[in-house]
Amino acid sequence: MTLLFLARNWCSPSHPLKMFLASLLPLLVLVNLPTTLSQGTLVDTVVDSNGISLYEKLEVMERLVLDGAVGVSVNPCSFFRTGNPNSGEQTSAEWVRIVFHDAITADLVAGTGGLDASIGFESLRAENVGLHFVNDTIGIFASFVSVYTSMADLIALGLHATLMSCDPVPRLIKLKVGRIDATGPGPEGVPKPTDDLNSTLTAFAKAGFSQTEAIQSVACGHSLGAVHQVNFPDIVPASVVTSTNLDGGSNFDSTPALFDATNINEYLNGTGKAGGPLVVGFNSTTNSDLRLFSSDNNATILALTEAQKFQDTCYTIFEKMLDTVPSNVVLSEVVGPRTWTMGESHPDLSTTGDIVFSGFITWHSLTESPLLKANYTYTTSEGDVGVLNSAIGVSSVKHGFGTITKYSFSNTLNSTDITGISVMNGLYTAPINLSMFILPSQTKRGGSISAGPAYVVRAAILTSLITNTTVPTANLFNPVKQANTLSPTISLVSTPMATYNTSGDYTLFKGILSLGTAGSAPGALYFDVRLGERISVKVAGTLIGSCSSMDINAC
């Protein structure tokens, strides 16, 4: 079989998709990439109620890691993302704290709780006190929640991003996906500064953490940030408040924006901050770090004084927190990210009816120089056909990653018998579904203020699949508000589609999805089309254009 491929490189910097992708570039970092992700394993076989496999969720998380859009909120480590820079607050410390507060109320024996985003419903509890703590953090992550990415997975990503920004020698924490968000609050039980030692150790034990692990958890978590007078006036005196420290932060150590063992060594040596306000505070009742650290005669703390031992131990204990999930949750393999990956790619029909497949390929390396172009080939039922080259790569340099290069591509295909794409001689492969697909260029957002947003969704389905009773459905996975939390939940909005035209081997369908005045909450929208058991590739709402008409039927 001979296939014709007409490469169309996106060289224009004003291309809308290229501009969107570029907006996500100045971002996150990674190092030490030992993990190889493989299809056909656990991540492929675990599929959720929306038909999405762990592998697909893992790929979306991999893109978030490489794009780094989440990590900008903690870069630099001292940055406060959501308020006055003179407040004395620190977003990175909040992101470490929220992992602990969400995970530690797990019940290991019952198989409940853990890292499940239930903390979003628990912001008013005394154990979660903080002007900015829960809601600021959940509010930042909310924009990234989607049918692929739960709030709980994003909380885990937040710890990853924090460590990559704050650790002087960044390395990759073992990040996994597949967490399921709680639909309401979990039990109380986060240890408080006023708790006695036995109560604290009991809470940790219930969640599956030993006394040693309890000490490690707190010691590692308190390498960053401070206790704030505005939240804990019984711990921090008002004298700490200044014009550049309005919330009265009293740091745990002399390097509050470095993830290192300074807090450990200052505690043991009585230097600097001497362990911080939960060790040497004026109120002995709230010196909970002192009670915990000294509970084994400082044996655990003494083992953390060296930088490498501190990092190894802290990453291990943090990974245990991230993996503390309800017993019905299956987590994926570790997110690489792989050296060669693909960003979101999709088929479409051009104005002349040609099948166009577009996207971008991503490469990164700490030591090697990027290739000028990436090569790839399409797979058919008869094997790989032809080697193609992408556009010239666009590179950036990121702390911990080295060079990240993105290679855009766009090809016109003259066959529907294409089943996949192989990048760099099989270093990355992905399936392609040309039997049915949404037409991003012809799907539009419209609606009115009074009626709320609406979408006209257009799709192409192989005519050979159509019968007299064929009724495909257009689906929108829409983030919507939940009561008592800033975390959105995903609502499925569906509508039947009707034919409106044909194009080559395809019958074209369209349907109107109306959201009403409730609209969408912050989060990422995705569309797909379904015909019986067949499901198209999902298309991100960011690829959908807008329509100027107030009548969605005219779009």
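Heads up: the structure comes first, above all this text.
Residues numbered from 1 in each chain as written. Predicted model: local features only at pLDDT ≥ 70, side-chain atom pairs only at ≥ 80, totals over all residues. Heavy atoms only, no water.

(A) Quick look at the environment of His228. When you line up the elements, His228 lands in strand E2 (residues 226–228). The class for His228 is buried, based on a relative accessible area of 8%. Linking His228 and Gly249, residues 21 residues apart in sequence, is a C-alpha distance of 4.2 Å. Dropping the residues within four chain positions of it, His228 is found in contact with Gly88, Glu89, Val236, Asp247, Gly248 and Gly249. (Helix = DSSP H or I, 4+ residues; strand = E, 2+ residues; numbered from the N terminus. Buried < 20%, exposed > 50% of the residue type's maximum accessible area, 1.4 Å probe, protein only. Contact = heavy atoms within 4.5 Å.)

(B) The arrangement of the packing of helix H4 (residues 91–103) against helix H12 (residues 307–322) in detail. It is at 9 Å that the axes of H4 and H12 come closest, and there the two elements cross at 50 degrees. Taken together, the axes of H4 and H12 are oblique relative to one another. The handedness of the crossing between H4 and H12 is left-handed. Contacts from Val96, Val99, Phe100 and Ala103 in H4 reach Phe318, Met321 and Leu322 in H12. Of the residues belonging to the contact of H4 with H12, the class tally is seven nonpolar, no polar and no charged. (Axes fitted to C-alpha atoms, helices over the stretch in contact; angles between N-to-C directions. Parallel < 35°, antiparallel > 145°, perpendicular 65-115°, else oblique. Left-handed = near helix turned anticlockwise from the far one by under 90°. Nonpolar A, V, L, I, M, F, W, Y, C, P; charged D, E, K, R; others polar.)

(C) Looking closely at unusual backbone geometry. A cis geometry characterises the amide bond from Asn75 onward to Pro76, with omega recorded as 5 degrees. For Pro76, the location among the structural elements is in the loop between helix H3 (54–67) and H4. Note that the residue after Gly336, namely Pro337, is joined by a cis bond; omega there is -15 degrees. Secondary-structure assignment places Pro337 in the loop between H12 and strand E4 (340–342). Phi is positive for Ala274, close to 55 degrees, though the residue is something other than glycine. Mapped onto the secondary structure, Ala274 falls in the loop between helix H9 (262–269) and helix H10 (288–293). Relative accessible area serves as the criterion here: at 16%, Ala274 is assigned to the buried category. Of note in this structure, Asn484 is not a glycine but carries a positive phi near 70 degrees. Tracing the sequence through the fold places Asn484 in the loop between strand E16 (473–482) and strand E17 (485–496).

(D) Representation of the packing of aromatic side chains. For the structure shown, the criterion picks out 16 aromatic pairs. Pairing Trp95 with Phe141 gives two aromatic rings, centres 4.7 Å apart and planes at 50 degrees, and the pair type is tilted. With Trp95 in helix H4 and Phe141 in helix H5 (residues 133–142), this residue pair connects regions lying 46 residues apart in the sequence. The exposure classification of Trp95 matches that of Phe141, with both residues buried. Chaining the aromatic ring pairs together yields one cluster made of Phe259, Phe310, Tyr315 and Phe318. Over the ring of Phe209 we find Lys320, and its NZ or CZ is 4.8 Å from the ring centre. The lysine or arginine in question, Arg458, covers the ring of Tyr500, its NZ or CZ lying 5.7 Å from the ring centre. (Phe/Tyr/Trp six-rings, centres within 6.5 Å; stacked < 30°, edge-to-face > 60°. Lys NZ or Arg CZ within 6 Å of the ring centre and 35° of its normal.)

(E) Layout of the sheet that holds strand E8 (residues 383–389). Taken together, four strands build an open sheet; the order of strands is E8-E7-E11-E12 and the sheet is antiparallel. At either margin of the open sheet sits one strand with a lone partner, and together these are E8 and strand E12 (428–431). Between one strand and the next, the sheet's axes are offset by a mean angle of 20 degrees, whatever the strand orientation. Of the pairings in the sheet, the one linking strand E11 (residues 418–423) to E12 comprises four bridges and is antiparallel in character. Among the inter-strand pairings, Val423 is bridged to a residue of E12, identified as Tyr428. (Pairing = 2+ DSSP bridges.)

(F) Spatial organisation of the nonpolar core. Formed by 69 residues in total, the largest nonpolar core has its most connected members in Ile155, Phe259, Phe293 and Phe318. Of all elements in the fold, only H3, H4, H5, helix H6 (151–166), helix H8 (211–221), H9, H10 and H12 reach the threshold of two or more residues within this core. No other element matches the ten residues that H6 contributes to this core. Beyond its immediate stretch of four places on either side in the chain, Ile155 contacts Ile98, Val99, Asp102, Leu115, Ala117, Ile119, Ile138 and Phe141. Trp340, Trp363, Leu413 and Tyr428 belong to the second-largest nonpolar core, a separate cluster that totals 29 residues. (Core = buried A, V, L, I, M, F, W, Y, C linked by side-chain atoms within 4.5 Å.)

(G) Seen up close, the pairing of strand E14 (residues 444–448). Here E14 pairs with strand E15 (residues 452–462) via five bridges, running antiparallel. When the sheet's bridge partners are listed, Gly447 is paired in E15 with Pro453. Where E14 meets strand E23 (residues 545–546), two bridges bridge the pair, whose relative direction is parallel. Following the sheet pairing, Arg445 is matched in E23 by Ser546.

(H) Spotlight on the state of the cysteines. A complete count under the given rule lists three disulfides for this structure. The residue that forms a disulfide with Cys77 is Cys166, at a sulfur-sulfur distance of 2.0 Å. With the S-S bond torsion at 95 degrees, the cross-link from Cys77 to Cys166 turns out right-handed. Here Cys77, found in the loop between H3 and H4, pairs with Cys166, found in helix H6; they are 89 residues apart in sequence, far enough to count as distant. The pair Cys77 / Cys166 is uniform in exposure class, with both members buried. Each sulfur in the disulfide pair Cys220 and Cys314 lies 2.0 Å from the other. For the disulfide bridge between Cys220 and Cys314, the dihedral angle about the S-S bond is near -85 degrees, and by the sign convention the bridge is left-handed. Within this pair, whereas Cys220 is found in helix H8, its partner Cys314 is found in helix H12, the two being separated by 94 residues in sequence. Across the pair, exposure class does not vary: Cys220 and Cys314 are buried alike. (Disulfide = S-S within 2.5 Å.)

That's the geometry; what it means functionally is another story.
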